[in-house]
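Structural description and commentary
Letter by letter, the chains look like this.
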Amino acid sequence: MSGKRGFVLRDALENDIAMGLLKAGERLDEATLAQRFGVSRTPIREALLQLATTGLVEIRPHRGAVVAQVGPSRLMEMFEVMAEIEGMCGRLAARRADGSDLTALAAAQQDCRAAAEADDTDGYYYANERFHHAIYQASRNGFLAEQATLMHRRLKPYRRLQLRVRGRLHTSLAEHDGILAAIERGDAEAASHLLKAHIIIQGERFGDLVANLAEHTA
């Protein structure tokens, strides 16, 4: 599977899961998907296997690939862990980031700003991903960055869906501004605190996400 085609397939399937076009527990038939995307079954199978490594898809005996089911309590637990991991990345990034790291963060944030001003949810999603990965890189801890990346992949469809909640793009952008400023001035505790608050979903934010998830999976 070529890199670009593989990315397109994975991204399309991930988005369909996030938007509820492919529902939790639904069987993902390779032949049907191959016909839809105009490819052979091999790249579809490879894309499904890659999605299985992130937990978005489950490979079951005698059924093949199905969309994974994640309940609200499990989802909250996953976001709690992600918040702690990102907070650690932010703390270390504030202490260790160099000029190239700060340039990468500022560039990603500028892309986020442009997407938010254009009300481009998908554009913001990709720029947001670059912003967070730049923080992982700036932590200068390879193992931590690997774990953060794995968790980020696992939560991608839910983070994507979260951005579709009304007003979330501009709220997220403002939170990025605070995170970037803390890292730039080397304030490790502030960077950690702000990143945790940026990621964690609780109270009304969790209710909004669950409601949006239910709407797209009903």
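Predicted, not measured: the structure shown is a model, and the values here were computed from it.

What follows concerns the nonpolar core. Among the nonpolar cores identified, the biggest contains 34 residues, and M82, I135 and L155 are the most heavily contacted of them. Elements with a minimum of two residues in this core: α4 (72–96), α5 (99–117), α6 (121–138), α7 (142–162), α8 (168–184) and α9 (188–199). The element that contributes the greatest number of residues to this core is α4, accounting for ten residues. By size, the runner-up hydrophobic cluster in this structure holds 16 residues, among which are L9, L22, I44 and A47.

The next point concerns α5. In a regular helix each residue adds 1.5 Å, so 19 residues correspond to 27 Å; α5 covers 27 Å between its end C-alpha atoms and thus fits that length. Of the residues making up α5, those classed as buried are D101, L105, A108, Q109, C112, A115 and A116. For α5, the arc enclosing every buried residue in end-on projection is 115 degrees, short of the 170-degree limit, so these residues lie on one face. When the buried face of α5 is taken as reference, the exposed residues oriented beyond 90 degrees from it are T103 and E117. Contacts made by the buried residues of α5 are with α4, α6 and α8. One or two residues past the end of α5 sits D119, with phi positive at roughly 55 degrees.

The tally for this structure, following the rule as stated, stands at one aromatic pair. With a centroid separation of 5.1 Å and 70 degrees between ring planes, the pair formed by Y125 and Y126 is classed as edge-to-face. For Y126, a relative accessible area of 23% corresponds to the partly exposed category.

Here we take up the pattern of salt bridges. The final tally for this structure, using the stated rule, is 17 salt bridges. Here E58 ties to R60 by a salt bridge, and the two come within 2.9 Å at their closest N and O atoms. Overall, the relative accessible area of 27% leaves R60 in the partly exposed class. In this structure, the salt-bridge partner of R140 is D98, at a minimum N-O distance of 2.9 Å. Taken together, the residues span a long stretch of sequence, with R140 in the loop between α6 and α7 and D98 in the loop between α4 and α5 at a distance of 42 residues. Given the relative accessible area of 39%, R140 is considered partly exposed.

Moving on: the confidence of the model for the protein chain. Overall, the predicted model of the protein chain reaches an average pLDDT of 88, with 89% of residues at or above 70. Across the protein chain, the element-wise mean pLDDT spans from 60 in helix α10 (residues 203–217) up to 98 in α5.

The axes of two packed helices give the description: the angle between them and the distance between them. Closest axis-to-axis distance for the α6/α8 pair is 12 Å, and the angle between their directions is 20 degrees. One finds that α6 runs roughly parallel with respect to α8. In this structure, α6 meets α8 at a crossing whose hand is left-handed. In this structure, α6 uses T121, Y124, N128, F131, H132 and I135 to contact α8, whose residues at the interface are L169, S172, L173, H176, I179, L180 and I183. Looking at the contact of α6 with α8, its residues break down into eight nonpolar, five polar and no charged.

About the criteria used
Residues numbered from 1 in each chain as written. Predicted model: local features only at pLDDT ≥ 70, side-chain atom pairs only at ≥ 80, totals over all residues. Heavy atoms only, no water. Core = buried A, V, L, I, M, F, W, Y, C linked by side-chain atoms within 4.5 Å. Buried < 20%, exposed > 50% of the residue type's maximum accessible area, 1.4 Å probe, protein only. Helix = DSSP H or I, 4+ residues; strand = E, 2+ residues; numbered from the N terminus. Expected span 1.5 Å × (residues − 1). Arc of directions from axis to C-beta. Contact = heavy atoms within 4.5 Å. Phe/Tyr/Trp six-rings, centres within 6.5 Å; stacked < 30°, edge-to-face > 60°. Salt bridge = Lys/Arg side-chain N within 4 Å of Asp/Glu carboxyl O. pLDDT = per-residue confidence, 0-100. Axes fitted to C-alpha atoms, helices over the stretch in contact; angles between N-to-C directions. Parallel < 35°, antiparallel > 145°, perpendicular 65-115°, else oblique. Left-handed = near helix turned anticlockwise from the far one by under 90°. Nonpolar A, V, L, I, M, F, W, Y, C, P; charged D, E, K, R; others polar.

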